[in-house]
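For reference, the chains in residue letters:
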Amino acid sequence: MGKVILTGDRPTGKLHLGHYVGSLRRRVELQNSGEFEKIFIMIADAQALTDNADNPEKIRQNIIEVALDYLSAGLDPEKVTIFIQSQVPELCELAFYYMNLVTVQRLQRNPTVKQEIQLRGFSDNEDEDQNKKGTPVGFFTYPISQASDITAFKATTVPVGVDQAPMIEQTREIVHKFNSVYGPTLVMPEMMLPENSVCCRLPGTDGKAKMSKSLGNCVYLSSTPKELKKAVNSMFTDPNHLQIEDPGTVEGNVVFTYLDAFCKDEHFAKYLPEYENLEAMKAHYRRGGLGDGTCKKFLLNILEEMLQPMREIRHKYEQDIPGVYEILRKGSEKARAEAAKTLNEVRKAMRIDYFGDAALIEEHTKKYSSK
Ligand code: TRP
């Protein structure tokens, strides 16, 4: 059987450079590698709702943004199936059955869930702590829903960032448990991590660990030349590098972290021929004599070269929004057909396909025929 990819993003905002290096760039390469029989890219609106129940409009508005970001980054709807999670109700049914295979205690140990509960300030004891809300059940169980997303499409390969490792592990446990209880039915997925470690976690422009909309430290794929320039110029560098002649530090210096993620040797020939490669540039910065302005200008050139073609594609699709919704509708239909096949197999394996089960009807006919 051919290899299948399933992955996706929560539509809580526009996609930024962190998404691009962490996953989007790789997806486009995988799409073009011809190595995969099928590729499903999911806009995980139902998962986004697990902690945005009171703000569905935010999710509703961002589906199109994520779709436009996907298309502008080079995902080709002829080669990949882009779909909206909530439009595939089969996923809910699968999750409902998988819930019986996972304990509350196991979910409580899931490190990502634990961390996210803390991050969102959900309280363990909402009765005592009047100001805090407890954890929504749907949020708590989202790793199980994620197992449905992955198994519904018989995904062999799930390209994600390291933060998603516990989800894939939990999915693998569910697959193992399901297959050993009900017989071999589900495909065991493998996680695929980004190749380059800088790409796993691109810091925000302020040097904070992660890009986040609320911190205002993101660089969006859809940013205008002006916005991009402003973001690069505001980047955190080395606070002790006051004079150009001072020795500088590249570790924790966001400009260099971004250069690690985006710069290739050919960029030097084109934009900064005084250096042969990034190592030579870093050495000069460390020695002293290389100003932040020059580094930022170089990075800006590289990012501009990367984002400019994306802006053009985005602009083209923005002129045909009904067409983009049509891509999503067709993709969701295709995804639904695929998930329905798996659901049928699951029902069969669990022996809850009563009406198609001639042996069951026969058995009960016999049971009562002598009476
Ligand atoms: N949890 C992922 C995120 O927050 C989104 C997601 C939902 C996903 N279902 C998935 C990723 C299945 C990979 C596989 O980005």
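Residues numbered from 1 in each chain as written. Predicted model: local features only at pLDDT ≥ 70, side-chain atom pairs only at ≥ 80, totals over all residues. Heavy atoms only, no water.

To continue, consider the overall build of the chain. Looking only at helices and strands, the chain features 17 helices and five strands. Its C-alpha atoms give the chain principal-axis dimensions of about 100 × 55 × 35 Å. For the chain, buried positions account for 49% of its 371 residues. Sequence-distant contacts, at least 24 apart, represent 76% of the contacts inside the chain between residues at least 6 apart. Roughly 19,200 Å² of accessible area belongs to the chain as shown, and the carbon and sulfur atoms make up 52% of that amount. (Helix = DSSP H or I, 4+ residues; strand = E, 2+ residues; numbered from the N terminus. Buried < 20%, exposed > 50% of the residue type's maximum accessible area, 1.4 Å probe, protein only. Contact = heavy atoms within 4.5 Å. Areas by Shrake-Rupley, 256 points an atom, 1.4 Å probe, with all protein chains shown as cover.)

On to the pairing of strand 1 (residues 4–9), then. Among the six residues of strand 1, five are classified as buried, and the element is accordingly described as predominantly covered. Summarising the sheet, strand 1 and strand 2 (residues 38–43) pair through six bridges and their orientation is parallel. Among the inter-strand pairings, Val 4 is bridged to a residue of strand 2, identified as Lys 38. (Pairing = 2+ DSSP bridges.)

Scanning the entire structure with this criterion turns up zero disulfides. In this model Cys 263 remains outside any disulfide bridge; the closest cysteine sulfur is found in Cys 295, 11 Å from its own. (Disulfide = S-S within 2.5 Å.)

So, on to a nonpolar patch on the surface. Together, Val 162, Met 191 and Leu 193 give the surface a local cluster of nonpolar side chains, amounting to about 210 Å² of exposed area. Note that Met 191 resides in strand 5 (residues 190–192). (Patch = residues over 30% accessible without salt bridge, like charges linked within 9 Å, V, L, I, M, F, W, Y side chains within 5 Å. Salt bridge = Lys/Arg side-chain N within 4 Å of Asp/Glu carboxyl O.)

Buried residues dominate helix 8 (residues 142–152), accounting for 10 of its 11 residues. Within helix 8, the full set of buried residues consists of Tyr 142, Pro 143, Ile 144, Gln 146, Ala 147, Ser 148, Asp 149, Ile 150, Thr 151 and Ala 152. One or two residues past the end of helix 8 sits Lys 154, with phi positive at roughly 50°.

Quick look at the packing of helix 3 (residues 56–73) against helix 15 (residues 292–318) now. Helix-helix packing is described using two parameters, namely the angle between the two axes and the distance between the axes. One can describe the packing of helix 3 onto helix 15 by two numbers: an axis separation of 8 Å at closest approach and a directional angle of 130°. Viewed along their axes, helix 3 and helix 15 adopt a mutual orientation that is oblique. Crossing of helix 3 against helix 15: the hand is right-handed. Residue-level inspection shows Glu 65, Leu 68, Asp 69, Leu 71, Ser 72 and Ala 73 of helix 3 in contact with helix 15, the latter providing Met 310, Ile 313, Arg 314, Tyr 317 and Glu 318. For the contact of helix 3 with helix 15, the class distribution of residues is six nonpolar, one polar and four charged. (Axes fitted to C-alpha atoms, helices over the stretch in contact; angles between N-to-C directions. Parallel < 35°, antiparallel > 145°, perpendicular 65-115°, else oblique. Left-handed = near helix turned anticlockwise from the far one by under 90°. Nonpolar A, V, L, I, M, F, W, Y, C, P; charged D, E, K, R; others polar.)

Inside soluble globular proteins, nonpolar side chains tend to come together where they are buried. Grouped together as the largest cluster of nonpolar side chains are 62 residues, with contacts concentrated most on Leu 17, Tyr 70, Ile 82, Tyr 258, Leu 259, Phe 262 and Met 281. Residue contributions to this core peak at 10 residues, all from helix 15. A domain split of this core shows at least three residues from each of domain 1 (4–202 + 321–361) and domain 2 (225–316). Discounting residues that sit within four places of it in the chain, Met 281 has contacts with Phe 256, Leu 259, Phe 268, Leu 272, Tyr 275, Leu 290, Cys 295 and Phe 298. (Core = buried A, V, L, I, M, F, W, Y, C linked by side-chain atoms within 4.5 Å. Domains from an automatic or database assignment.)

Taken together, 13 residues lie near the ligand, and Arg 10, Gln 47, Gln 146, Asp 149 and Gln 164 sit nearest. The separation between an oxygen atom of the ligand and a polar side-chain atom of Arg 10 is 3.2 Å. Across the shell around the ligand, the residue classes tally to six nonpolar, five polar and two charged. (Near = heavy atom within 4 Å. Polar contact = N/O pair within 3.5 Å; in protein donor to acceptor, adjacent residues only side chain to side chain.)

The next thing to look at is the domain arrangement of the chain. Segmentation of the chain into domains returns domain 1 (4–202 + 321–361) and domain 2 (225–316). Placing a centre on the C-alpha atoms of domain 1 and another on those of domain 2 gives a separation of 35 Å. Counting from both sides, the interface comprises 13 residues of domain 1 and, opposite them, 11 residues of domain 2. At the junction of domain 1 and domain 2, the tally comes to three residue pairs in polar contact (both at pLDDT 80 or more). Of all the secondary structure elements, the ones that give two or more residues to the side of domain 1 that touches domain 2 are helix 1 (17–33) and helix 3. At six residues, the largest contribution of residues to the side of domain 1 that touches domain 2 is made by helix 3. For the side of domain 1 that touches domain 2, the per-class residue count stands at eight nonpolar, two polar and three charged.

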